[in-house]
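What the coordinates show
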Amino acid sequence: SMVKDKHAEFQQACSGTGRTKGSVVTWERLRECLHKILSNIGSGGQPIPLSNLKRMFRSKFNVELSETALGYAKLSELLQDSRVSDLGEIKLQGHGYVMIPTQTKPKRNFISLAESLCMDEPAVCVPSPMAAQVDYGSLLQKRAGFVKPLC
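Residues numbered from 1 in each chain as written. Predicted model: local features only at pLDDT ≥ 70, side-chain atom pairs only at ≥ 80, totals over all residues. Heavy atoms only, no water.

Turning our eyes to something else, we now look at the sheet that holds strand 4 (residues 88-93). The strands making up a sheet associate through hydrogen bonds between their backbones, and the pairing can be parallel or antiparallel. With respect to topology, three strands assemble into an open sheet ordered 2-5-4, the strand pairing being antiparallel. In this open sheet, the two edge strands, each paired with only one partner strand, are strand 2 (48-49) and strand 4. Pairing geometry for strand 2 and strand 5 (residues 96-101), over two bridges, is antiparallel. By the bridge assignment for strand 5, Pro49 is matched with Val98. (Pairing = 2+ DSSP bridges. Helix = DSSP H or I, 4+ residues; strand = E, 2+ residues; numbered from the N terminus.)

On to the nonpolar core. In terms of nonpolar packing, the biggest core is built from 23 residues, with Leu30, Leu34, Leu53, Phe57, Leu65 and Leu79 touching the most fellow members. Taken together, the elements giving at least two residues each to this core come down to helix 2 (27-41), helix 3 (50-61) and helix 4 (75-78). Sort the elements by how many residues they give to this core and helix 2 lands first, with six residues. (Core = buried A, V, L, I, M, F, W, Y, C linked by side-chain atoms within 4.5 Å. Buried < 20%, exposed > 50% of the residue type's maximum accessible area, 1.4 Å probe, protein only.)

Our focus in this paragraph is the pairing of strand 4. In this structure, strand 4 lies alongside strand 5, joined through six bridges in antiparallel fashion. The partner of Glu89 across the bridge, within strand 5, is Ile100. Counted between consecutive antiparallel strands, the loop separating strand 4 from strand 5 contains two residues, among which Gly94 sits at a positive phi close to 65°.

On to helix 3. Here helix 3 contains 12 residues, and its C-alpha end-to-end distance of 16 Å stays within 8% of the 16 Å for a straight helix at 1.5 Å per residue. Those residues of helix 3 that fall on the buried side of the exposure criterion are Leu50, Leu53, Met56, Phe57, Arg58 and Phe61. Following helix 3 by one or two positions, Asn62 has its phi on the positive side, about 55°. (Expected span 1.5 Å × (residues − 1).)

Shown next as C-alpha cells:
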C-alpha cells in the first residue's frame, strides 16, 4: 500500500495495529532473533510461514518486527536483504510465503601439503636419491630433494 511504502521510505514503523509492546527491531536484533527461531525449528528444515513471524518476534523476544522501520514495504523483501538472506530462503508455498532455514554445510577438513614438507629442518629430512644427482642451481630443484613420499 502507499502508506507502507511511505513509512518504508522514511524507515518508520507503521503504527496502525496498536499492538506494539516492545521496541522495534534493529538489523542486529533481527538477525539474532531469526537465527534463534530458525535453529530451533530448522533442525528438520521446516519452513516457517511469514504470517507467523511477527507474532513469534512479539511473543518470544518482546520486540516488534517492522519491515517498514528497516526500509521495506514487504516482509518477504526484508528477509531477502543481504544482511539476513544467508539464514534462510523465502519461497511461495501454497497461498503464502515461507522462510526455509538454510542447511548448514558440514565443515570440511583441509589437507595442507605444505605441512608435510620439511624445508625448515633439513637435518631431519632425508634427501631422495634423485636429489644427489640434481644440480642445485635453482631453489625449486633444492626443494625437490626434500619432498617426502606420500605413500
